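Examination of the molecular architecture
Spelled out from the first residue to the last, the chains are:
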Amino acid sequence: MNFTPSKLNTFVFFKLPSAYWCGVRVKKISESSCVVVVKHKWFNQNPFKSMYFAVQAMAAELSTGALVMYQVKKNNDKKVSMLVASNKARFIKKATGVITFTCNDGNKVEEAMKRAIETNEGQTFWMKSIGIDEKGDQTSEMEFEWSIKVKQ
């Protein structure tokens, strides 16, 4: 799979349908960063008329996970398993309108992938995604601990 926003959004449709139907979409991806957007709508809101925390988590996780997938694909001569081992979240203000989640931790994945291949041992690393609303205010900050392992 080529790593374009369109291809990733098709992947989300088939493999993560709840994220797709909630409006989670990849907008940009490179080796070092990924940008994912989601718009607050009636069907992804909580009782307080802001975006449900799990919808924000889906978008934030995708911004980190797409970078892990990018590195797995880049090293396609190796089979690599990937899994979220842990996560942390902080919610700063109500998420309404379009929320943009950005992760700039592609270098962490690349380093961990090199170590996993060199040592043949599983690696864990933390990646951060920041949610920003249309006014430029931070709505949330989420961190995901990813675990990768080269399969034998």
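First, a word on what this report is: a plain description of the structure on this page. (Residues numbered from 1 in each chain as written. Predicted model: local features only at pLDDT ≥ 70, side-chain atom pairs only at ≥ 80, totals over all residues. Heavy atoms only, no water.)

**Here's the deal with helix H4 (residues 106–119)**
Between the first and last C-alpha of H4 there are 20 Å, a value that for 14 residues agrees with the 20 Å anticipated at 1.5 Å per step. As for H4, its buried residues are in contact with helix H3 (53–74), strand E3 (80–91), strand E5 (123–132) and strand E6 (138–150). (Helix = DSSP H or I, 4+ residues; strand = E, 2+ residues; numbered from the N terminus. Expected span 1.5 Å × (residues − 1). Contact = heavy atoms within 4.5 Å.)

**Observations regarding the pattern of salt bridges**
A side chain of one charge can pair with a side chain of the opposite charge if their charged atoms are brought near each other. In the structure shown here, the tally under the stated rule is seven salt bridges. Notably, a salt bridge pairs Asp105 with Lys108, separated by 3.9 Å at the nearest N-O pair. What makes Asp105 buried here is its relative accessible area of 13%. Among the charged side chains, a salt-bridge network with shared partners connects Glu31, Lys74 and Glu110. (Salt bridge = Lys/Arg side-chain N within 4 Å of Asp/Glu carboxyl O. Buried < 20%, exposed > 50% of the residue type's maximum accessible area, 1.4 Å probe, protein only.)

**Focus on the nonpolar core**
Membership of the largest hydrophobic core comes to 37 residues, with the highest contact counts inside it found for Val38, Val68, Phe125, Met127 and Ile148. Of all the secondary structure elements, the ones that give two or more residues to this core are helix H1 (5–15), strand E1 (25–29), strand E2 (34–39), H3, strand E4 (98–103), H4, E5 and E6. When near neighbours in sequence (up to four residues on either side) are disregarded, Val38 contacts Cys22, Gly23, Val24, Asn44, Met51, Val55, Ala59, Gly97, Val98, Ile99 and Phe101. (Core = buried A, V, L, I, M, F, W, Y, C linked by side-chain atoms within 4.5 Å.)

**Quick word on the sheet that holds E6**
Backbone hydrogen bonds are what pair the strands of a sheet, in a parallel or an antiparallel way. The strand order E1-E2-E4-E5-E6-E3 describes an open sheet built from six strands, whose pairing is antiparallel. Strand pairing shows two members of the sheet lacking a second neighbour, E1 and E3, which therefore form its edges. Put simply, the sheet's adjacent strands are angled 25° from each other on average, direction ignored. H3 contacts E1, E2, E3, E4, E5 and E6 of the sheet and is inclined by roughly 40° relative to E6. Sheet strands in contact with H4 are E3, E5 and E6, and its direction is about 165° off that of E5. (Pairing = 2+ DSSP bridges. Axes fitted to C-alpha atoms, helices over the stretch in contact; angles between N-to-C directions.)

**Points about unusual backbone geometry**
Phi at Lys49 is positive, roughly 65°, even though this residue is not glycine. On the secondary structure map, Lys49 appears in the loop between E2 and H3. Phi at Asn120 is positive, roughly 60°, even though this residue is not glycine. Checked against the element boundaries, Asn120 lands in the loop between H4 and E5.

**Regarding the packing of H3 against H4**
Interaxial distance between H3 and H4 falls to 9 Å at its minimum, and their mutual angle equals 40°. Between H3 and H4, the crossing angle belongs to the class labelled oblique. With respect to the hand of their crossing, H3 and H4 are arranged in right-handed fashion. Between H3 and H4, the residues in contact are Leu67, Val68, Gln71, Val72 and Lys74 and Gly106, Val109, Glu110 and Met113, respectively. (Parallel < 35°, antiparallel > 145°, perpendicular 65-115°, else oblique. Left-handed = near helix turned anticlockwise from the far one by under 90°.)

**Concerning the environment of Met69**
Along the chain, Met69 turns up in helix H3. Note on Met69: relative accessible area 16%, which makes it buried. Counting along the chain gives 58 residues from Met69 to Met127, while the straight-line C-alpha distance between them is 13 Å.

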